[in-house]
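A look at the structure
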Amino acid sequence: MSSRASRRGRLFILSAPSGTGKTTVAERLVARAAGVRRSISYTSRRARVGETDGVHYHFVTRERFEAMIAGNQFLEWADVFGHLYGTSLVDTERVLAAGDDLLLVIDVQGGRHVKRQGVPAVSVFLLPPSLAVLESRLRGRDRDSPDAIRTRLEVAREEIRAYSEYDYVLVNDEVDRCVERLSCIIVAERCRLAGMAAAAEDIAGGFPAPGA
């Protein structure tokens, strides 16, 4: 049995204000880090140009999403700018049980919901270098109206204070450097005693006690 299959995966949370680049960071991390998968959220919004169902999100109707809420099918869910987003309980358990680590790319609301449930998770907050940089990134996406951008910046001013609720804080000043730091966090967490105890005990058992 492989070491991955013999252990349970770890849950990681990556949160950031809209426009900080958390999706890009997550995608690059998954592309380079073995044994890490990115959770694919369910959403009630329509797919944007270039988005594929089952790859970027699971796109469902609002009615179906609300039925999933009623059926307690989400690990967490939140209303973000008028659209519903959520993480499937079943999908999460399937990945963790297979021994892979799972990265949840969720907002502050979702991160708080996971923590309130007492679900073991390592949380990382991604900061933009400054408000000016964040505004520039939002405008550069050319995806939102001026009113929508103002709303996102207002929410960002509130969310940014949530960094103190997280285990780790990273600044996304340069994407590759940020991905490298996030990768180091994952490696460090994998080496914690709680996760390595069984393997360490097996190895230690091969060393007879003095005088044995």
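Relevant structure appears above.
Residues numbered from 1 in each chain as written. Predicted model: local features only at pLDDT ≥ 70, side-chain atom pairs only at ≥ 80, totals over all residues. Heavy atoms only, no water.

A closer look at the side chain of serine 15
Within the fold, serine 15 resides in strand E1 (residues 11–15). On the accessibility criterion, serine 15 (0% relative accessible area) is buried. In this structure the side chain of serine 15 is engaged in a polar contact, spanning 2.9 Å, whose partner is the side chain of tyrosine 166. Residues contacting serine 15, with those up to four places away along its chain left out, are Lys22, Ile106, Asp107, Val108, Val124, Phe125, Leu126 and Tyr166. (Helix = DSSP H or I, 4+ residues; strand = E, 2+ residues; numbered from the N terminus. Buried < 20%, exposed > 50% of the residue type's maximum accessible area, 1.4 Å probe, protein only. Polar contact = N/O pair within 3.5 Å; in protein donor to acceptor, adjacent residues only side chain to side chain. Contact = heavy atoms within 4.5 Å.)

Observations regarding the sheet that holds strand E8 (residues 122–127)
The strand order across the open sheet built from 5 strands is E2-E7-E1-E8-E9, with neighbouring strands paired in parallel fashion. The open sheet is flanked by strand E2 (36–38) and strand E9 (168–171), the only strands paired with a single partner. Sheet twist, expressed as the average angle between the axes of neighbouring strands with direction ignored, equals 25°. Where E1 lies against E8, 4 bridges are found, and the strand directions are parallel. Opposite serine 15, over in E8, you have phenylalanine 125 as the bridge partner. Sitting on the sheet, helix H4 (residues 108–116) touches E1, strand E7 (101–105) and E8, and the angle it makes with E1 is about 150°. Sheet strands touched by helix H7 (residues 175–190): E1, E2, E7, E8 and E9. Its angle to E9, the strand with the most contacts, is close to 160°. (Pairing = 2+ DSSP bridges. Axes fitted to C-alpha atoms, helices over the stretch in contact; angles between N-to-C directions.)

Describing the nonpolar core
In terms of nonpolar packing, the biggest core is built from 19 residues, with Leu14, Val25, Leu29, Leu103, Leu126, Leu170 and Leu182 touching the most fellow members. Those elements that place two or more of their residues in this core are E1, helix H1 (22–32), E7, E8 and H7. Among the elements that line this core, the one with the most residues is H7, at 5 residues. Those residues in contact with leucine 170 that lie beyond four places of it in its chain are Val124, Phe125, Leu126, Leu127, Cys178, Arg181, Leu182 and Ile185. Membership of the second largest hydrophobic core comes to 14 residues, among which are Leu102, Leu104, Val114 and Phe125. (Core = buried A, V, L, I, M, F, W, Y, C linked by side-chain atoms within 4.5 Å.)

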